[in-house]
Amino acid sequence: MPKRVRPLGTLLALLAIITGILLSAPPSLASTTSPAPTPGATTAPAEPSPYKIGGVLRNTDGPVPGVRITATGEGFSGEATTGDNGTWSIGVPVKGTYQVEVDVSTLPEGVELAEGTPNPREVTFTNTSNAAAVFPLGEGIVVQSASFGEIFVERLIAGLSFGLLLALASVGLSLIYGTTGLTNFAHGEMVTLGAVVMFGFSVAGLPIWAALLLGVIFGGAFGWVQDAWLWKPLRRRGTALIPMMIISIGLALAARYTILFNFGGATQQLPGASSPIVELGSISISRNTLISLVVSLVVIVLIAMLLLKTRLGKATRAVADNPALAAASGIDVDRVIRIVWTVGGILAALGGILWAYYRPGVTFNMGQQILLLVFAGVILGGLGTVFGALVGSVLVGLFVELSTLWLVADLKYVGALLIMIVVLLFRPQGILGRRERVG
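Quantities reported herein were computed from a predicted structural model and do not represent experimental measurements. (Residues numbered from 1 in each chain as written. Predicted model: local features only at pLDDT ≥ 70, side-chain atom pairs only at ≥ 80, totals over all residues. Heavy atoms only, no water.)

What follows concerns the overall build of the chain. When helices and strands are tallied, the chain shows twelve helices and eleven strands. Classification of the 439 residues of the chain by burial places 48% in the buried group. The contacts of the chain with a sequence gap of at least 6 include a subset with a gap of at least 24, amounting to 72%. By element, 64% of the accessible surface of the chain is carried by carbon and sulfur atoms, the whole surface being about 21000 Å². (Helix = DSSP H or I, 4+ residues; strand = E, 2+ residues; numbered from the N terminus. Buried < 20%, exposed > 50% of the residue type's maximum accessible area, 1.4 Å probe, protein only. Contact = heavy atoms within 4.5 Å. Areas by Shrake-Rupley, 256 points an atom, 1.4 Å probe, with all protein chains shown as cover.)

The following block contains the structure:
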């Protein structure tokens, strides 16, 4: 008989492979959100700063090198000079609001700021460790502010894209809850894993498509191993859901700081993170946002077809409705749950990769940062309902992005969490959830 591979050995082997990838591709080899500081920087902090303000100076003829730019604020003052490719970057000690100014006396002859460009301009950090300052150049160019309608449509598209990538993670979390009853707090680390593994393979020299595919595969493998090594043995022992939830919190902490130890605390970038802007009439949106929207939508449609049209999907829904009755009907409940964990890991990893492009940036705690938003989407739509998770996540994404029209960007996630609280107070079953009687 073939020798049976123990789940513990499988888990250790998987973790060893991931650790090897991360150690063989140190973060120092990756690009960051902003270009590297140029030799012209004079008063940047002596130690490398995790927070940077940067940008590119270009006119119609190409990059504009040798231009002095200063940043002041939060008790700090620093400067940089644009390089041969027009890029510049200033490291700052803390997040906050800074005044960034172009020294117009250092602009080449015949080059000037576009009419209406604020100089200095105010730059405020949001939820990333990088901020951009844009100074359009060109004689005869007039900077005009976009109308409210144009900004609204741009935020609407961004919100739909953000909501759909949230849905990728939410659908997996909802499937796991529906079939096992477990609220998995380690789901955020499953989101992080996809982006981190893709980063490791991309820095190792693999093409972007191969690195993305391997990141998704590793996410699915991590979900498979979790169930084989941890959750199935706990289910067989009859462990209650509250202790299992606490175990998931411990697993989340262990995975998060294992990634931190190997990956580091800096924000790194996946290849192609700096995407061009696509002009749709008077609407401007980044190409990565549009790609994320299309990819998320296609994957979610495929998952919906899988659940509605295949035997596996029907078995999954049967297990979610009543595991005991499904087992009595001849359905292998453990097999279905194992597949659900694998699919949940795949969807979480893909959502993490798209989140890394949307932010943009890969960090050790990026999954933790959106975990509450994922929970908000699941609760808003209805716990355990896949289509409810989809609807709830899209609504959360739209609310987060559209709220920036009236709220400070740093507060945009607060509104989504307020929605979750209100739903729990007035409709705890969610939009598509079923009312259940307790007692």
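Picking up after the structure, the text goes on.
In this model, helix H12 (residues 412–426) (15 residues) spans 22 Å end to end at C-alpha, consistent with the 21 Å of a helix rising 1.5 Å per residue. The complete set of buried residues in H12 reads Lys412, Tyr413, Gly415, Ala416, Met420 and Val423. Looking straight down H12, one finds that the buried residues subtend no more than 160 degrees of arc, so they occupy a single side. When the buried face of H12 is taken as reference, the exposed residues oriented beyond 90 degrees from it are Leu425 and Phe426. Of the surrounding elements, those touching the buried residues of H12 are helix H2 (148–180), helix H9 (333–358), helix H10 (366–381) and helix H11 (386–402). (Expected span 1.5 Å × (residues − 1). Arc of directions from axis to C-beta.)

So, about the sheet that holds strand E6 (residues 87–92). The strand order E6-E1-E9 describes an open sheet built from three strands, whose pairing is mixed. Strands with a single pairing partner mark the edges of an open sheet, and in this sheet they are E6 and strand E9 (130–132). When strand polarity is set aside, the average angle formed by the axes of neighbouring strands in this sheet is 25 degrees. (Pairing = 2+ DSSP bridges. Axes fitted to C-alpha atoms, helices over the stretch in contact; angles between N-to-C directions.)

This part covers the packing of aromatic side chains. Applying the stated criterion to the full structure yields nine aromatic pairs. Judged by centre distance (5.8 Å) and plane angle (10 degrees), the ring pair of Trp231 and Trp341 falls under stacked. Here Trp231 is found in helix H4 (residues 208–236), whereas its partner Trp341 is found in helix H9, with 110 residues between them in sequence. Members of the aromatic cluster, joined through ring pairs, are Phe162, Trp355 and Tyr358. The ring of Phe135 has Arg121 lying over it, and the distance from NZ or CZ to the ring centre is 5.7 Å. (Phe/Tyr/Trp six-rings, centres within 6.5 Å; stacked < 30°, edge-to-face > 60°. Lys NZ or Arg CZ within 6 Å of the ring centre and 35° of its normal.)

This paragraph deals with helix H3 (residues 187–203). Relative to the 24 Å expected for 17 residues at 1.5 Å per residue, H3 spans 25 Å between its end C-alpha atoms, a close match to the ideal helical length. For H3, a buried count of 16 out of 17 residues is recorded, marking the element as mostly surrounded by other parts of the structure. Trailing H3 by a residue or two, Gly205 shows a phi angle of about 110 degrees, which is positive.

Right, let's get into the sheet that holds strand E8 (residues 121–124). The sheet built from four strands is open, its strands ordered E5-E4-E7-E8 with antiparallel pairing. Of all the strands in the sheet, just strand E5 (76–81) and E8 have a single pairing partner and so form its edges. For this sheet the average axis-to-axis angle between neighbouring strands, irrespective of direction, equals 25 degrees. Where strand E7 (residues 97–102) meets E8, four bridges bridge the pair, whose relative direction is antiparallel. Looking at the pairing, Val100 lines up with Arg121 of E8.

That bond from Asn119 to Pro120 is cis: its omega, 10 degrees, falls within 30 degrees of zero. By the secondary structure assignment, Pro120 is in the loop between E7 and E8.

This part takes up the packing of H4 against H9. Contact geometry of H4 with H9 gives a least axis separation of 7 Å together with a crossing angle of 140 degrees. Taken together, the axes of H4 and H9 lie oblique to each other. Like other packed secondary-structure pairs, H4 and H9 cross with a definite hand, here right-handed. Looking at side-chain class alone, the contact of H4 with H9 contains 13 nonpolar, seven polar and six charged residues. (Parallel < 35°, antiparallel > 145°, perpendicular 65-115°, else oblique. Left-handed = near helix turned anticlockwise from the far one by under 90°. Nonpolar A, V, L, I, M, F, W, Y, C, P; charged D, E, K, R; others polar.)

As a further point, take the environment of Val197. By secondary structure assignment, the location of Val197 is in helix H3. Val197 sits in the buried class, given a relative accessible area of 1%. Spatially, the C-alpha atoms of Val197 and Leu214 are 7.5 Å apart, while their sequence positions differ by 17 residues.

Glancing now at the pairing of strand E1 (residues 51–56). Bridge count between E1 and E6: six bridges; the pairing is antiparallel. Across the sheet, Lys52 pairs through a bridge with Gly91, a residue of E6. Note that E1 and E9 share three bridges and pair parallel. From the neighbouring strand, Ile53 faces E9, where its bridge partner is Ala131.

Moving on, we get to the confidence of the model for the chain. Here the chain averages 79 in pLDDT, while 83% of its residues score no lower than 70. Across residues 1–8 the pLDDT falls below 50, and counting only partners more than four positions away or on other chains, this stretch makes five contacts in the model. This model gives residues 23–46 a pLDDT under 50, and the stretch forms 54 contacts once residues within four places in sequence are excluded. (pLDDT = per-residue confidence, 0-100.)

Structurally, the position occupied by Thr180 is in helix H2. By relative accessible area, Thr180 is classed as buried at 19%. In this structure the side chain of Thr180 is engaged in a polar contact, spanning 2.5 Å, whose partner is the backbone oxygen of Ile176. Among residues more than four places away in sequence, those in contact with Thr180 are Arg235, Leu241, Ile337 and Trp341. (Polar contact = N/O pair within 3.5 Å; in protein donor to acceptor, adjacent residues only side chain to side chain.)

Taken as a whole and assessed by the stated rule, the structure comprises seven salt bridges. Across the salt bridge formed by Arg68 and Glu79, the nearest N and O atoms sit 2.9 Å from each other. With Arg68 in strand E4 (residues 68–73) and Glu79 in strand E5, the pair connects residues that are eleven residues apart, well separated along the chain. The exposure class assigned to Glu79 is buried, which follows from its relative accessible area of 16%. If you follow the salt bridges from partner to partner, you end up with Asp227, Arg235, Asp334 and Arg338 in one network. (Salt bridge = Lys/Arg side-chain N within 4 Å of Asp/Glu carboxyl O.)

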